[in-house]
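Listed here are the chains, written in short residue letters.
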Amino acid sequence: MAALPRRIIKETQRLMQEPVPGISAVPDDSNARYFHVIVTGPEDSPFEGGLFKLELFLPEDYPMSAPKVRFITKIYHPNIDRLGRICLDILKDKWSPALQIRTVLLSIQALLSAPNPDDPLANDVAELWKVNESEAIRNAKEWTRRYAMGN
Amino acid sequence: MSIFINALKNILHRMLQLLSFGQKTITNSLNIYIKTSGGNTLSVDLDPTWDIKNVKQFVAPKLGLEPEEVKIIFAGKELGDRIRIAECDLGQQSILHAVKIKVKPKLREIKGSLVEEIEEQCTKPLCNTLKDVMFSSDDHTAIGKTESSSSNESDKLRVHFFVFCPTCKALRSGKIRVRCNFCKSGAFTVHSDPQNWNDVLEPKQITGLCENNPQLCANVLDNREPTFAEFYFKCSEHTSLGEKDEAIPLYLIRPNLREIPCLACTDISDPVFVFPCAEGHVTCLDCFRQYCSTKLMERQFWQHPEYGYTLACPAGCPDSFIKEIHHFRLLSEAQYAQYQRFATEEFVLRSGGVLCPQPGCGMGILPDEECTRITCINGCGYVFCRQCLQGYHIGQCQNPENEVGANSDGCIYTVDPARAAEARWDEASKRAIKVLTKPCPKCRTPTERDGGCMHMVCTRAGCEFHWCWVCQTAWTRECMGSHWFG
């Protein structure tokens, strides 16, 4: 495997030295481009109190291409489908090499605080979020309790 | 007659040089052409340690003049007597211009010391009066010339230009040169130095005096506007091949005076690529190449109506397209060839044309609007249907699935086995494209769906059409309601 670009080394160091509050990202022992991520559910959101595992992979041409990020923990969210894929513009066409792992993870955390049912990935979740928000929030809280708490 | 004498003198001088070679070796002598106002060119060897006064003494007899009657012009400046040749950014076979002075120098002295001081300043070569700081910023309010005492620092501030040299076929450091905008003669002096890139790149920014033919160049313009300077560039790394040997300024590549880290890899390197956005985002040259090749592979270059096939700042800044597309010469030869091919294809598609669908051809064709039977005239000769891009047929286009293998209807032809083997691979990929992809309903770009919903957005830069994978038409609310997720 080719040597790890300096940018990735620098970003990793900074993630270790100055971690983002509520987010932990640790590179895998055998692959420095693969990160084990844990995002805590933001306060005043249906995901509060939950710990959500994600995987983040830096492709060969990072930072020219966006990192690949996916939720491993099941989550009830209109912009995240049942495979954990995330609908977020900066992971697709709005990606810029000026963004970083830390900004991506912050954006994902922000997405948990502010779901966007008008640009959905999981259709039924989005539908319910629009039609009956309180029930959707109840579901989200239930899923958080069931899948994202207590290991 | 005088030419004959000059030639004789030249030969005599050469012989003397040869004879005296043993005792007086001219170290690193520069072979320079001197163009005179009469249109003659002298080839001379100059010692770089000489000053301009020495040059005048050397050249004047050849022109039949006194040294005081000659002025030496180089890169838009009349050079002062005390300037040494080594300071002038001259290379092997550079051209100096020797012009006869019309006003006697003695008359000038009466005007007093102030005038003389200014003149003394003007006669420094252009490469010494231009500073990098002026060119590192794009705003039109020029940053003043910083006078520095230590020679080390002034050397650092000396202007650096980067060019694409068509002879070396590579990025090189460049030299700025000046000529008359009208008659293209190099015997031209500027009234003021360019203060920024706009002054250099845009025509008619800096006025000057054409010494080649002042009357003609001013009269043609009816004296209504002054004579203007035209700036051009040469490669500093190969011996000049004459006046036509120009290089293209890559003005977005600049010395990293402010030590700005690369946007992508965060390393501080020198030189850097400065994007033409308001923020002036910086990448190192390696990351610029990587950015271009990634975008090229994804067909994400933009067909800009004025600039051509280009890219904008990677940080997504508005109005940040690269205007001088020669900057893409930083790509490898193979990638640049691909860039040119994609640019041509994009241009053909934008102009309502079609690309020949025959594997290995891809010729661009611009047919009449109503024409549906298209012949690849200058390419492979294939005749195809404009709608389905299959072999030409009468009537409705067939479904691609039914069409495979329909051609074997007993034509008599011979097949070159080598060509056939090659074509088989192409046929396989053609089939794979047919099976796995659907064309964008707007621009026909074959598109593969690798998961997600049925809402497709065309990936071709500039098309970005929203369409439905099921209906193969524009994406509607109805698609959203009935088969968004299949």
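Cut-off values and rules
- Residues numbered from 1 in each chain as written.
- Chains lettered and ligands numbered in written order.
- Predicted model: local features only at pLDDT ≥ 70, side-chain atom pairs only at ≥ 80, totals over all residues.
- Heavy atoms only, no water.
- Helix = DSSP H or I, 4+ residues; strand = E, 2+ residues; numbered from the N terminus.
- Buried < 20%, exposed > 50% of the residue type's maximum accessible area, 1.4 Å probe, protein only.
- Contact = heavy atoms within 4.5 Å.
- Areas by Shrake-Rupley, 256 points an atom, 1.4 Å probe, with all protein chains shown as cover.
- Rg over C-alpha atoms; globule rule 2.2 N^0.38 Å.
- Buried area = accessible area lost by both parts, 1.4 Å probe.
- Salt bridge = Lys/Arg side-chain N within 4 Å of Asp/Glu carboxyl O.
- UniProt positions renumbered as here; feature names shortened; annotations may be inferred.
- Core = buried A, V, L, I, M, F, W, Y, C linked by side-chain atoms within 4.5 Å.
- Expected span 1.5 Å × (residues − 1).
- Pairing = 2+ DSSP bridges.

Turning our eyes to something else, we now look at the overall build of chain B. Looking only at helices and strands, one finds 14 helices and 24 strands in chain B. The burial tally for chain B puts 38% of its 486 residues in the buried class. Partitioning the contacts of chain B with sequence separation of at least 6, the portion at a separation of at least 24 is 53%. Accessible surface, chain B as shown: approximately 27500 Å² in total, 53% of it carbon and sulfur.

In this section: the overall build of chain A. Broken down by element type, chain A carries four helices and four strands. In sequence order, chain A lays out its α and β elements as α-β-β-β-β-α-α-α. In terms of C-alpha radius of gyration, chain A reaches 16 Å, essentially the compact-globule figure of 15 Å for 151 residues. Once the C-alpha set of chain A is aligned to its principal axes, its extents read approximately 50 × 35 × 25 Å. For chain A, buried positions account for 46% of its 151 residues. Relative to all contacts within chain A whose residues are 6 or more apart in sequence, the contacts with residues 24 or more apart total 53%.

This part is about the interface of chain A and chain B. Taken together, the 15 residues of chain A in the interface contact 16 residues of chain B. A buried area of about 1300 Å², summed over both sides, lies between chain A and chain B, and 58% of it is on carbon and sulfur atoms. The interface formed by chain A and chain B holds two salt bridges in total. Between B:D267 and A:R6 there is a salt bridge whose closest N-O contact spans 3.0 Å.

For the rest of this paragraph, the subject is the pattern of salt bridges. Tallied over the full model, the rule gives 22 salt bridges over all chains. A salt bridge links A:R146 to A:E142, with the nearest nitrogen and oxygen atoms 3.5 Å apart. Pair noted here: A:R146 and A:E142 are both in helix 4 (residues 133–147), with a separation of four residues, about one helical turn. Through salt bridges with shared partners, a single ionic network connects B:R179, B:K184, B:E230 and B:E246.

In this section: the UniProt feature "active site" (unreviewed entry) in chain B. Those residues carrying the UniProt feature "active site" (unreviewed entry) are B:C453 in this numbering. For B:C453, the location among the structural elements is in the loop between strand 22 (446–448) and strand 23 (455–457).

So, about the nonpolar core. Ranked by size, the top nonpolar core spans 76 residues in total, and within it B:F231 and B:F328 carry the most contacts. Top element by residues in this core is helix 10 (residues 285–297) of chain B. It accounts for six residues. If we ignore the near neighbours within four places in the chain, the residues touching B:F328 are B:F288, B:C292, B:F301, B:Y309, B:T310, B:L311, B:I322, B:Y336 and B:Y339. By size, the runner-up hydrophobic cluster in this structure holds 37 residues, among which are A:L56, A:L58, A:I101 and A:A140.

All names here are of chain A. Given a rise of 1.5 Å per residue, 13 residues ought to cover 18 Å, and the 19 Å separating the end C-alpha atoms of helix 2 (residues 101–113) matches this to within 8%. If you check which residues of helix 2 are buried, you get I101, R102, V104, L105, I108, Q109, L111 and L112. Considering only its buried residues, helix 2 is in contact with helix 1 (6–17), strand 1 (23–27), strand 2 (34–40), strand 3 (51–57) and strand 4 (68–71).

All names here are of chain B. The four strands are arranged 10-7-6-11 in an open sheet whose pairing can be described as antiparallel. On the outer flanks of this sheet lie strand 10 (229–235) and strand 11 (248–249), each paired with one strand and no other. Alignment of strand 6 (residues 161–165) against strand 7 (residues 170–180), held across five bridges, turns out to be antiparallel. Within strand 7, the residue paired with F162 across the bridge is S173.

Residue and element names in this part refer to chain B. What the five strands build is an open sheet, ordered 2-1-5-3-4; its pairing is mixed. The sheet terminates laterally at strand 2 (41–46) and strand 4 (77–78), the two strands that pair on one side only. Across two bridges, the pairing between strand 3 (residues 70–74) and strand 4 is antiparallel. Its bridge partner being in strand 4, I73 is matched across the sheet by E78.

Residue A:P63 is reached from A:Y62 by a cis peptide bond, and omega for that bond is 10 degrees. Position of A:P63 relative to the elements: it lies in the loop between strand 3 and strand 4. B:P271 follows B:D270 through a cis peptide bond whose omega is 0 degrees. Locating B:P271 in the fold gives a position in the loop between strand 12 (253–254) and strand 13 (272–274). A positive phi angle, close to 55 degrees, is found at B:K204, a residue other than glycine. Structurally, B:K204 is set in the loop between helix 8 (197–201) and strand 9 (208–210). One non-glycine residue with positive phi stands out, namely B:D319, at about 50 degrees.

Turning to the side chain of B:K175, a few remarks are in order. All names here are of chain B. By the secondary structure assignment, K175 is in strand 7. The exposure class assigned to K175 is buried, which follows from its relative accessible area of 7%. Excluding residues within four positions of it along the chain, K175 makes contact with D89, G91, S94, Y232, F233, K234, C235 and S236.

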